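So the chains spell out like this:
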Amino acid sequence: MFICVCHAVTDSAIRQAVGEGANSFRDLSFSTGCGTQCGSCVKLAREVMDAALTGQGSPKSAVKLQLMASNS
Ligand code: FES
């Protein structure tokens, strides 16, 4: 699922960046470009990143977005 449309960053790419050592939103932005253009993805990107950092699955809002996308 795309989290950052401006830079085509997916939730998988965010988890991969975390796995490669990104542990702050600055790191994530630097490595992927996420959140550096319009900024509308920042809240969800942070949630995905926080979930990855804490070893949780997808954040609740991401799951909700996936359900909305699959129903449309
Ligand atoms: S959607 Fe991520 S910067 Fe625009």
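For the structure itself, consult the block above.
Going along each chain's sequence as written, the residues are numbered from 1 onward. In keeping with the predicted nature of the model, local features appear solely for residues at pLDDT of at least 70, side-chain atom pairs appear and are counted solely at 80 or more, and the whole-chain, interface and lining totals rest on all residues.

1. Notes on the nonpolar core
In summary, soluble globular proteins display a tendency toward joint burial of nonpolar side chains. Put simply, a nonpolar core is a cluster of buried Ala, Val, Leu, Ile, Met, Phe, Trp, Tyr and Cys residues tied together by C-beta atoms within 7 Å. Each residue is classed by its C-beta neighbour count within 10 Å, where at least 20 other C-beta atoms makes it buried, 12 or fewer makes it exposed, and intermediate counts make it partly exposed; the C-beta atoms are placed from backbone geometry. Ranked by internal contacts, the top residues of the largest apolar core, which has 16 residues, are Ile 3, Ile 14, Leu 28, Cys 34, Ala 45, Val 48 and Met 49. Elements supplying a minimum of two residues to this core: β1 (2-4), α1 (11-19) and α3 (42-53). Starting at the N terminus, helices and strands are each numbered in turn, a helix being any DSSP run of H or I of at least four residues and a strand any DSSP run of E of at least two. Here this core takes six residues from α3, the largest share from any one element. If sequence neighbours within four positions are ignored, Cys 34 has contacts with Ile 3, Cys 4, His 7, Val 9, Ile 14, Leu 28, Ser 29, Cys 41 and Ala 45. We call two residues in contact whenever the C-beta atoms placed from their backbones are within 7 Å.

2. Re α3
In this model, α3 (12 residues) spans 16 Å end to end at C-alpha, consistent with the 16 Å of a helix rising 1.5 Å per residue. What α3 keeps buried is the set Leu 44, Ala 45, Val 48, Met 49, Ala 51 and Ala 52. Seen along its axis, α3 keeps its buried residues to an arc of 160°; they face one direction. Phi for Gly 55, located one or two positions after α3, is positive at around 75°. Expected helix span is given by 1.5 Å per residue-to-residue step, counting one fewer step than there are residues. The arc in question is the one spanned by the directions pointing from the helix axis to the C-beta atoms.

3. Thoughts on the packing of α1 against α3
Between α1 and α3, the least distance of the axes is 9 Å, while the angle of their chain directions is 45°. Overall, the two elements α1 and α3 adopt an arrangement that is oblique. In this structure, α1 crosses over α3, and the sense of that crossing is right-handed. For the pair formed by α1 and α3, the contact residues are Asp 11, Ile 14, Arg 15 and Val 18 on the first element and Ala 45, Val 48, Met 49, Ala 52 and Leu 53 on the second. Any residue that is not Ala, Val, Leu, Ile, Met, Phe, Trp, Tyr, Cys, Pro, Asp, Glu, Lys or Arg is counted as polar, Gly included; the first ten are nonpolar and the last four charged. Taken together, the residues of the contact of α1 with α3 break down into seven nonpolar, no polar and two charged. For helices, the fitted line uses only the C-alpha atoms of the stretch in contact; every axis is such a line through C-alpha atoms, and the angle between N-to-C directions lies from 0 to 180 degrees. Our angle categories are set so that under 35 degrees counts as roughly parallel, over 145 as roughly antiparallel, 65 to 115 as roughly perpendicular, and the remainder as oblique. Handedness of a helix crossing follows the sense of rotation of the near helix relative to the far helix, less than a right angle counterclockwise being left-handed and clockwise being right-handed.

The quantities given are spatial measurements derived from coordinates; they are silent on function.
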